[in-house]
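Each chain, letter by letter, is given below.
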Amino acid sequence: MSKNKNLKKRNRQAPPASTEAKRHSNRWESISEVLKSNALPLILIVISLIVNMTVLADYCKSPFAKDPVWDANTYWKWAQEITSGNWLGSKIFHQTPLYPYFLSFFVLIFGKALIPIYLAQSLLSTGSALLVYSITKTISGKKVAGFIAGLLFVFYGMQVFYFTKILSECLSIFLMLLTTRLLLIEKPSTKQLISAGIAAGLLIIAKPYFILAVPLVLLYLSFHGKHDSMRHLFLRLTQFLLPIMALMAIVAIRNYAVEKDFVLISSNGGENFFIGNHEKADGVYAPVEGISRDIEYQNEDVNQLAEHETGHLMKRSEVSSFWFRQGVSFIRHHPKTYLKLEWTKLKFMFSGAERSTMHYLYFEKKNITASYAIPFINFYLLFPLFAAGFLLALSQWKRYILLIAFLLVNMLNILIFFYDTRFMLLAMPYWIILGGVAAWHIGQTAKTAGFLKALLRPATIILFITAGLAVYIYSSDAKVNKPDWHMYMTLGDINLDLNDLEAARKAYTQSSSLNQNDWMPVFGISKVYFRKGNKDIAAQLYNEAFPNLKADFKKMVLRDKDLEPVREYIQEHKAAVPDNLPNKAIPVGLDNPHS
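Residues numbered from 1 in each chain as written. Predicted model: local features only at pLDDT ≥ 70, side-chain atom pairs only at ≥ 80, totals over all residues. Heavy atoms only, no water.

**Details of the overall build of the protein chain**
Within the protein chain, the regular secondary structure consists of 30 helices and zero strands. The dimensions of the protein chain, computed from C-alpha atoms along their principal axes, are 115 × 70 × 60 Å. Within the protein chain, the fraction of its 595 residues that count as buried is 51%. Of note, the protein chain has its 63 positive side-chain charges centred 17 Å away from the centre of its 44 negative side-chain charges. (Helix = DSSP H or I, 4+ residues; strand = E, 2+ residues; numbered from the N terminus. Buried < 20%, exposed > 50% of the residue type's maximum accessible area, 1.4 Å probe, protein only. Lys, Arg positive; Asp, Glu negative; His and termini not counted. Charge placed at Lys NZ, Arg CZ, Asp CG, Glu CD.)

Take a look at the structure:
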């Protein structure tokens, strides 16, 4: 009797084998269903990771990956200063602060290792590709269109290139796309609107010009969807706006606390406006006499010049206002020149030529990182797709209005300040989204209506017209000078920092041979010889080159701490340093420099 009771009890506790098998089967079916329904984004993630990791594995061998230069060097030093305990800082932010604080998180955990940052930015690139997919799918209602756009983003070469750099664009692109995606939710909850506000606030701290997008977003939220009452609408707008205001207030209060001056985010807006809008401006970064090209010293220089011009000490906000007024004065007194300048900036936005003060994809692809030569998509392929997609977006403008607003804000930023290839990076995801929609639309039209009818559709006609225009732009861009001499000079500086003296010497010599009117490589060669122990030759090179420099370059050389030992040696051994240079000391191409 007791055996029967135990048997019944066990039978009640353990389900039949068939029931357990059915449960496992249902579980696998649900997993399979999830995988099927999300197959395209999962494939996109895998492809993006493969591309990014392949490039990164190759890029990590590059000298550029081992030693941040220019703006990247300033951000990197700033991040290390934050982690050393000076988290608040002592001066008003000259550059926008979000990215250095982002970097400081990695410095805190991994020390001075750069690879964890590159890995994180590769993941941000994949996340951005996924957001491009999601935004495109949401707007077009088509998964395939989203997948096409996502692939275009993954294989957009300039995006892959800049996501391997210690620059704020990688983080800004992700935040911009995240903000866009959250705002596209049909009926966003309170949590989603607040999240969109946080993403937008962080984006503004990284790229302050996005504050121009806030009124446009508020208009979008006002007319998008149904509102129960004005109170409900006000509540929705407040949920988005408050996080933005709170994040901006934190930065503004911090700036006021350290210098008792009101600067909302960063103080470099005024001088950047002037750099992009003065008599010698040419549409890109145009150096101003007396202001260093290195952002490490720009803050000091713009303060000194402004105070010299006005004759009194100035707060940082007053300095920024001074330079802004100088730019406005140029516009007022030279309206025709200004309009030509704006036309130049606009043309640069529709050009595939690289125009930068720092990194160049073509140079690293040709000389250092072979994986950049993967058949990536470039401007000339994206432009026709974008034009066709933009036409389709205008015909359904209510659906695309938010994307168009963000796109216009990005382009307006360039028109207000100046053009740089990396500034255009933040507009390109919207080009790509519209391009993905166009590619899907044209393909679908050809499938349903036939190839011949698809050729007669407006989007296809625009595609072919702009494809012809892209060929013309490509031929024009081929004439744009490629600054190899500048990149070899930078490569020399990097190799010197890495103490690879022979590689540094070769790079400086190559820079000199490509631009024989430039004396700056001589100072690089001087540093190399000094470290090798040939101190007399180093001193001779310095003495020969320095008198030939213009004032700004003399200032740059005097600020170069790596040349300080050479200067000290010259002071100590004035009589011992011969006047005439031996031929072997002069770099190739600098036998008779003349500028």
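**Structural notes on the confidence of the model for the protein chain**
Scored by pLDDT, the protein chain has a mean of 89; 90% of the residues are at 70 or more. For the stretch residues 580–595, pLDDT sits under 50, and the model shows 37 contacts to residues farther than four places along the chain or on other chains. (pLDDT = per-residue confidence, 0-100. Contact = heavy atoms within 4.5 Å.)

**A closer look at the side chain of Thr509**
Summarising the element assignment, Thr509 is placed in helix H26 (residues 501–514). A relative accessible area of 13% places Thr509 in the buried class. Reaching out from Thr509, the side chain makes a polar contact with the backbone oxygen of Arg505 at a distance of 2.7 Å. (Polar contact = N/O pair within 3.5 Å; in protein donor to acceptor, adjacent residues only side chain to side chain.)

**Structural notes on the side chain of Asn299**
Assignment of secondary structure puts Asn299 in helix H15 (residues 295–310). Dropping the residues within four chain positions of it, Asn299 is found in contact with His94, Ser267 and Arg316.

**Details of the nonpolar core**
Judged by nonpolar contacts, the single largest core of 142 residues is most densely connected at Phe210, Phe240, Phe406 and Trp431. Element by element, the count of residues in this core is highest for helix H7 (residues 115–140), at 10 residues. With residues near it in sequence (within four places) discarded, Phe210 still touches Met176, Leu203, Ile204, Phe406, Val409, Asn410 and Leu426. (Core = buried A, V, L, I, M, F, W, Y, C linked by side-chain atoms within 4.5 Å.)

**Notes on helix H6 (residues 98–110)**
The end-to-end C-alpha separation of H6 is 19 Å, in line with the 18 Å expected for 13 residues at 1.5 Å each. Within the span of H6, buried status applies to Leu98, Tyr99, Pro100, Leu103, Ser104, Phe106 and Val107. Each element contacted by the buried residues of H6 is listed here: helix H5 (71–83), H7, helix H10 (169–183) and helix H11 (190–206). Two residues or fewer after H6 comes Gly111, characterised by a positive phi angle close to 75°. (Expected span 1.5 Å × (residues − 1).)

**A word on the environment of Ala427**
When you line up the elements, Ala427 lands in the loop between helix H21 (421–424) and helix H22 (428–449). It is 8.2 Å that separates the C-alpha atoms of Ala427 and Leu408, two residues lying 19 residues apart in sequence. For Ala427, the residues in contact, after removing those within four places along its chain, are Leu407 and Asn410.

**Overview of the pattern of salt bridges**
Taken as a whole, this structure holds 16 salt bridges when the rule is applied. For Glu271, the salt bridge identified is with Arg316, shortest N-O distance 2.7 Å. Taken together, the positions of Glu271 in helix H14 (residues 269–276) and Arg316 in helix H16 (residues 316–333) put the pair 45 residues apart, joining distant regions of the chain. With relative accessibility at 5%, the residue Arg316 sits in the buried group. A salt bridge links Glu342 to Lys345, with the nearest nitrogen and oxygen atoms 2.9 Å apart. In this pair, Glu342 and Lys345 are both assigned in helix H17 (residues 335–349), three residues apart and thus about one turn of the helix distant. (Salt bridge = Lys/Arg side-chain N within 4 Å of Asp/Glu carboxyl O.)

**Section: the state of the cysteines**
Among covalent bonds in proteins, the disulfide is the one between the sulfur atoms of two cysteines. Scanning the model with the defined rule gives zero disulfides in all. As a non-bridged cysteine, Cys170 has Cys60 as the owner of its nearest cysteine sulfur, 14 Å distant. (Disulfide = S-S within 2.5 Å.)

**Details of H26**
Turn by turn, an α-helix covers 3.6 residues, leaving residues three or four places apart pointing in a common direction. Between the first and last C-alpha of H26 there are 20 Å, a value that for 14 residues agrees with the 20 Å anticipated at 1.5 Å per step. Within H26, burial applies to Leu501, Ala504, Ala507, Tyr508, Thr509, Ser511 and Ser512. Against the buried residues of H26 lie helix H25 (484–497) and helix H27 (520–532).

**Looking at a nonpolar patch on the surface**
Together, Ile211, Leu212, Tyr256, Phe262, Leu264 and Leu412 give the surface a local cluster of nonpolar side chains, amounting to about 540 Å² of exposed area. For Phe262, the location among the structural elements is in the loop between helix H13 (230–259) and H14. (Patch = residues over 30% accessible without salt bridge, like charges linked within 9 Å, V, L, I, M, F, W, Y side chains within 5 Å. Areas by Shrake-Rupley, 256 points an atom, 1.4 Å probe, with all protein chains shown as cover.)

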